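# Secondary and tertiary structure notes
What follows is each chain in one-letter form.
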Amino acid sequence: GENVGLHLPTLSVQEGDNSIINCAYSNSASDYFIWYKQESGKGPQFIIDIRSNMDKRQGQRVTVLLNKTVKHLSLQIAATQPGDSAVYFCAEIKPAWGSQGNLIFGKGTKLSVKP
Amino acid sequence: DSGVTQTPKHLITATGQRVTLRCSPRSGDLSVYWYQQSLDQGLQFLIQYYNGEERAKGNILERFSAQQFPDLHSELNLSSLELGDSALYFCASSLGRPSNYGYTFGSGTRLTVV
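In this text, all values refer to a predicted model and were calculated from it rather than measured experimentally. (Residues numbered from 1 in each chain as written. Chains lettered and ligands numbered in written order. Predicted model: local features only at pLDDT ≥ 70, side-chain atom pairs only at ≥ 80, totals over all residues. Heavy atoms only, no water.)

## Regarding the overall build of chain A
- Scanning chain A for helices and strands turns up zero helices and 11 strands.
- Reading the secondary structure of chain A in the N-to-C direction produces β-β-β-β-β-β-β-β-β-β-β.
- The 115 residues of chain A split such that 44% are buried.
- When the accessible area of chain A is evaluated, it comes to approximately 5800 Å², of which 48% is carbon and sulfur surface. (Helix = DSSP H or I, 4+ residues; strand = E, 2+ residues; numbered from the N terminus. Buried < 20%, exposed > 50% of the residue type's maximum accessible area, 1.4 Å probe, protein only. Areas by Shrake-Rupley, 256 points an atom, 1.4 Å probe, with all protein chains shown as cover.)

## Brief notes about the pattern of salt bridges
Residues and elements named next belong to chain B.
- In this structure the tally under the stated criterion is six salt bridges over all chains.
- For R26, the salt bridge is made with D29, and the minimal N-O distance between the two is 3.0 Å.
- Where R63 meets D85, a salt bridge forms, and the shortest distance between an N and an O atom there is 2.8 Å. Residue R63 is located in the loop between β6 (53–57) and β7 (64–68), and its partner D85 is located in the loop between β8 (74–78) and β9 (87–94); the two are separated by 22 residues in the primary sequence.
- Connected via shared salt-bridge partners are R63, E82 and D85. (Salt bridge = Lys/Arg side-chain N within 4 Å of Asp/Glu carboxyl O.)

## Concerning the environment of A:V113
Residues and elements named next belong to chain A.
- With respect to the helices and strands, V113 occurs in strand β11 (residues 109–114).
- Residues V113 and Q14, 99 residues apart in the sequence, show an inter-C-alpha distance of 5.6 Å.
- Sequence-distant contacts of V113, that is, excluding residues within four places in its chain, are made with V13, Q14, E15, T80, Q81, P82, D84 and S85. (Contact = heavy atoms within 4.5 Å.)

## A few points about the state of the cysteines
Residues and elements named next belong to chain B.
- Across all of its chains, the model carries two disulfides over all chains by this definition.
- Each disulfide pairs two cysteine sulfurs, and for C23 the partner residue is C91, the sulfurs being separated by 1.8 Å. Residues C23 and C91 share a disulfide whose torsion about the S-S bond is about -55°; that sign makes it left-handed. Remark: C91 occurs in strand β9 and C23 occurs in strand β3 (residues 19–24); sequence separation between them is 68 residues.
- Judged by its relative accessible area of 0%, C91 is buried. (Disulfide = S-S within 2.5 Å.)

## What to know about the side chain of B:Q37
- Within the secondary structure, B:Q37 is located in strand β4 (residues 31–37).
- Here A:Q38 takes part through its side chain, which lies 2.9 Å from a polar atom of the side chain of B:Q37. (Polar contact = N/O pair within 3.5 Å; in protein donor to acceptor, adjacent residues only side chain to side chain.)

This is the structure:
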């Protein structure tokens, strides 16, 4: 069955360091992946996405890497700031006939940034 | 403000009761998705509507139902509530397929069943 899971439930980093959050997925048919950030009491906020025909995509201070061979997704945050403290979820969409595509989420990794 | 509006923000009710959660999608978005987030759990997909029609179902209990109205707002109805239904319920919207148009979440409704 489908499984989007995260390797680590918590990650603690020092302010200014780079953070790497990992995600494994099991559905090789998934063609679109998103990373979301969820702060306490708020809804998930889009960070960055990547399609299955790409292996890397960069945004502002964030980079997503996709390794389809081992079905692995990672989110790299450069120069991590206290405002980056949140729970990070990866999500996948698998193509389905007649469906607009619902996201399947992993359980999340809690990132704590120490000042 | 994401543009997706959910009401109420908080709801406390007793077991056995019925509640309705409301979601107004972002202007122009046709798809509405409902998710449940329990403590220590990720977001579980419940159901999706597109332009008034049900498009996909996830792990939605039979006690739960939803609909999308002609003005595109959606309501999630939860009945015969149990303590385990306490959770955050999120609505998200998109214009079409999320990979083409994006996917925006509301701030959620926190339901507490006592």
